[in-house]
Amino acid sequence: MQRGSDRLSVHRDDEMKHELQGLLRSGHPTRTEEWHDPEPSAEDDPEVWGGPVVPGNSRASLATVRLELARILGRSSFPAGPGALALGLRRKNAPDALVEAVRRLPHRDRYANVQELAEALVGGGD
């Protein structure tokens, strides 16, 4: 029975199931033509697979840590101390390593903006 809300016909739906059957069973593309497969990443593509950017990581320059903090915290979190900033990071589901790095900062310090916080975490300039 057709409900009228289907975007595809029954025949097209069965055809699509048949096309995907090999992919679902094998776990990798089964097409014989290479142009159907996704293109691999280039050498100059940004690293998105490396996990979160946290201080102490090999990818953690001042600019990348500052960008990650700004993306998560925003402007409304400042000025604040490390405890409040760590709590804000935790509430916004930041990586645990980043939250712990902020929590380990001296408790008496206050940070007016993301730049000051990133400099404290990375240890100065880039």
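As the structure is a computational prediction, the values presented were derived from the model and not from experiment.

What counts as what
Residues numbered from 1 in each chain as written. Predicted model: local features only at pLDDT ≥ 70, side-chain atom pairs only at ≥ 80, totals over all residues. Heavy atoms only, no water. Helix = DSSP H or I, 4+ residues; strand = E, 2+ residues; numbered from the N terminus. Buried < 20%, exposed > 50% of the residue type's maximum accessible area, 1.4 Å probe, protein only. Contact = heavy atoms within 4.5 Å. Areas by Shrake-Rupley, 256 points an atom, 1.4 Å probe, with all protein chains shown as cover. Axes fitted to C-alpha atoms, helices over the stretch in contact; angles between N-to-C directions. Parallel < 35°, antiparallel > 145°, perpendicular 65-115°, else oblique. Nonpolar A, V, L, I, M, F, W, Y, C, P; charged D, E, K, R; others polar. Salt bridge = Lys/Arg side-chain N within 4 Å of Asp/Glu carboxyl O. pLDDT = per-residue confidence, 0-100.

### Some words on the overall build of the protein chain
- Broken down by element type, the protein chain carries five helices and zero strands.
- Put simply, the protein chain runs from its N terminus to its C terminus through helices and strands in the order α-α-α-α-α.
- Here the protein chain holds 126 residues, and the buried ones make up 24% of them.
- Sequence-distant contacts in the protein chain: of pairs separated by 6 or more residues, those separated by 24 or more amount to 49%.
- Put simply, the protein chain shows about 9700 Å² of open surface, and 51% of that area lies on carbon and sulfur atoms.

### Some remarks on the packing of helix α3 (residues 82-91) against helix α4 (residues 96-103)
- Relative to each other, α3 and α4 sit at 170°, their axes nearing to 8 Å. Compared by their axis directions, α3 and α4 come out roughly antiparallel. Listed contacts from α4 to Pro82, Leu85, Ala86, Leu89 and Arg90 of α3 are Asp96, Leu98, Val99, Glu100, Val102 and Arg103.
- Among the residues making up the contact of α3 with α4, the classes are represented as seven nonpolar, no polar and four charged.

### Observations regarding the pattern of salt bridges
- With the rule as written, the count across this model stands at five salt bridges.
- For Arg71, the salt bridge goes to Glu68, with nearest N and O atoms at 2.7 Å. Here Glu68 and Arg71 lie together in helix α2 (residues 62-73), a separation of three residues that amounts to about one turn.
- Across the pair Glu100 and Arg90 runs a salt bridge whose closest N-O atoms are separated by 3.5 Å. Within this pair, whereas Glu100 is found in helix α4, its partner Arg90 is found in helix α3, the two being separated by ten residues in sequence.
- Given a relative accessible area of 35%, Arg90 falls into the partly exposed group.

### Some thoughts on the confidence of the model for the protein chain
- Overall, the predicted model of the protein chain reaches an average pLDDT of 78, with 65% of residues at or above 70.
- The secondary structure element of the protein chain with the lowest average pLDDT is helix α1 (residues 10-26), at 79, and the one with the highest is α3, at 94.

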